[in-house]
Amino acid sequence: MTRKRRFFQSIRFKLLLVSLALLAIPWAGYRYLQETERFLRQTQETMLLGTAQAVAAILHNSPAMINSTRHTTGDLSGDPLQYVNQLERPIQLDGYTEDWLPYMGNLQRFPEQGEWLFDSILGEYGGYLYLLLRVNDRRVLYHPPGSTRLDQGDYIDLRLESPDGKITRYRIATTSPGWVSAREMPDRSENPLPIGREDRIQGEWQTSENGYTLELRIPRYLIGERIAVTVADLDDTAGALTRHLVSSTGNGQPAPLGRIVRPDPEIGRLIGGLEHENARIWVVNNQRLVLARRGRLQPPETVIENDEPVQFSPLQPLMRLILDQPSAHFQDDFSRSARLGGREIDAALAGQPQSRRRSTTDGRAVILSAAWPIQSSSGVAGAVLVEQTTNRILSLQNQALEQITGITLALFLFIGLAILGFASLLTARIRRLSQRIEKAVTTDGRILGPLTADRSNDEIGDLSHSFSGVLNRLAEYNRYLEAMASRLAHEFRTPLTIVRSSLENLQTDTADGDQQRYILRAQEGIERLGLILHRMREATRLEQQLAQTEMLSFDLGALLDMALEGYGSAFPQVMFQLDRCEGPVIIHGAPDLISQALDKLISNAVDFHQPGTAIQLILKRTDRHHVRLSVRNSGPPLPQGMEQELFSSMVSIRKNSGNEPHLGLGLYLVRLISEFHGGRAEADTLESPSAVEFSLLLPVIPQSR
């Protein structure tokens, strides 16, 4: 009877646990997205390197690159370079650095090593060149009022090359902080007396915490392509020999003029057609000074404000807490840089393309950069740097992961309910099958009637068919057992009648000849009874013998050769033919048992073969691991559907038993022997030629090649 069980012991609960395997979908999706992200980053890196290579090819031997480059890194005789930043708005001359804040990262410090004296930055807007100087001076000495000499305090010297090539020296000195103008000085640096006033060069001088700050505005038409700035720090008014001079272009007196380097419009025009969305292209010379820049990593502010993410799933707030979100609001350290650094730039200037991935200082974005060297006839003239954020890849990854998670949760709920419903239906069908089986069999084991099989084609339907077949076979077997008494009575009746009649005749007939005949008939009956009992015990003895049989390896083909000679002697009226494969057929088993099974098959074939036809013994390999031993004879076909039933116990299809009893145990013994050797027994009716074939499919030991 069906017992009650708890829910966690039921199939429904187990199938519900199986449905938890759906949670592996987000993990698998995440792993897939990681691989996809890696592939997209490699693709992005390849694309950036390709863009950098294309720009470098365009700028190969470009005159603009050659003019802005010191041709050899080891040749210090080349002109020092003074970089000019392109300003977005004019500078208000007030002596303070607020207008310069976006460009403060481009300050150049002098001297470059040791304790610095001043730093400076050049900018250009409209028709003016702007100069910012921040001087580190613990004691600022101003020019004495009324003095005509300009070397009795701290001062700034400007040496400019005019467009026509003339070099002019100007000095800025002041008696107090405030508005200043330049004075033109004679060529001889030791002469402290000015030639005249240059009001076109104006600026503001203001004190600072560490010294003073000077902002100058110089008309662009006064300057050609060269400039030098020298700062004089005078700590003692009593002697000019105590002043400290530091120049932006070297320590020589007079200091050499530096060549002005500014972003080249021609280079910018050349690279303008290769811009990518949210990508930036830099062109630097071999001193890392920026010659051109196009594009931007951040979209315009108006685009950022309008680029709010669309709420397309309720999981988005939760996923935003878990996943890194792309942000257009990040700190771009290189946005206005005048000189670029980094290992990819170093590698490119050494002639090797390279890429690099870096995070911004605020950690809100990851920037991928690729650098490619620009070759010239004299070597590497510079490098191309292409940058782009990975925000697009991260955004696509997050969107895909959100969708996968949402779909997985929906599938989990739907499939979980579906599995729960299916499990309920499944258990109901199993319960009904169990109830039908219990109704088909009584408590004492009697089968009341056939079990109606389920019409479904699934596994439960197969189970129902199996139970139906088992119960039907058990019913047939029970009927056979019930009828076996009459069968045995029929087999025993003839020898018992012979014995009884012989004994009765012995009692009534005293003739010696008749007595001897009756005694022989009685002995024949007794022998027949003994044979019946012997065959009934043969199967039981064989089953017990199998457990004690010693296994060994032997040649099945050689066994058949010897057996064929014995069958020819035992059945001289029957022709035997042997068809075997070449070479030895080694099996692991018991030769006596194989011979016993073969004897049963030969005896069966002799009983049913048509006179005048040969009985064939066939030994063929089916594959490298199996061999088929068949006994084939021409005779009546097997009953349809009984091919495998013949190998069951107490099954016989002989219509006329003759004088010898047949209880249907011979083929049953053949099946036991074949299964003991790891094989199986088969029976089949052949149409062409018309014959009956009984076979043993046995495993063989593969031969080494």
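Residues numbered from 1 in each chain as written. Predicted model: local features only at pLDDT ≥ 70, side-chain atom pairs only at ≥ 80, totals over all residues. Heavy atoms only, no water.

### Looking at the sheet that holds strand β19 (residues 575-580)
Adjacent strands of a sheet pair through backbone hydrogen bonds, lying either parallel or antiparallel. The five strands are arranged β19-β21-β22-β24-β23 in an open sheet whose pairing can be described as mixed. Across the chains shown, the open sheet's two edge strands, defined by having one partner strand only, are β19 and β23 (680-686). Neighbour-to-neighbour, the strand axes of this sheet turn through a mean angle of 20°, independent of strand direction. Here strand β22 (residues 626-633) pairs with strand β24 (residues 691-699) via eight bridges, running antiparallel. Of the residues in β24, the one forming a bridge with valine 631 is phenylalanine 694. Contacts from helix α12 (residues 591-608) reach β19, β21 (614-623), β22 and β24 within the one sheet, and its direction differs from that of β22 by about 30°. (Pairing = 2+ DSSP bridges. Helix = DSSP H or I, 4+ residues; strand = E, 2+ residues; numbered from the N terminus. Axes fitted to C-alpha atoms, helices over the stretch in contact; angles between N-to-C directions. Contact = heavy atoms within 4.5 Å.)

### Let's talk about the packing of aromatic side chains
In this description, an aromatic ring pair is defined by two values, namely the gap between the centres and the angle between the planes. Evaluation of the coordinates by the stated rule reveals six aromatic pairs. Residues tyrosine 128 and tyrosine 130 carry aromatic rings whose centres are separated by 6.4 Å and whose planes lie at 50° to one another, so their mutual orientation is tilted. Ring plane angle 15° and centroid distance 4.3 Å describe the contact between tryptophan 205 and tyrosine 212, whose orientation is recorded as stacked. Judged by its relative accessible area of 0%, tryptophan 205 is buried. For tyrosine 212, a relative accessible area of 0% gives the class buried. (Phe/Tyr/Trp six-rings, centres within 6.5 Å; stacked < 30°, edge-to-face > 60°. Buried < 20%, exposed > 50% of the residue type's maximum accessible area, 1.4 Å probe, protein only.)

### Things to note about the nonpolar core
If you look at the biggest cluster of nonpolar residues, it comprises 43 residues, and the most contacted ones within it are Leu556, Leu598, Ile602 and Phe694. For this core, the secondary-structure elements that each account for two or more residues are α11 (556-570), α12, β21, β22, α13 (666-676), β23 and β24. Counting residues per element, this core draws most heavily on α12, at eight residues. The residues touching isoleucine 602, leaving out its near neighbours within four places in the chain, are Tyr567, Phe571, Phe576, Ile615, Leu617 and Val631. Listed in part, the 34 residues of the second largest apolar core include Val290, Ala348, Ile374 and Ala381. (Core = buried A, V, L, I, M, F, W, Y, C linked by side-chain atoms within 4.5 Å.)

Everything listed is a geometric property; what it means functionally is a separate question.
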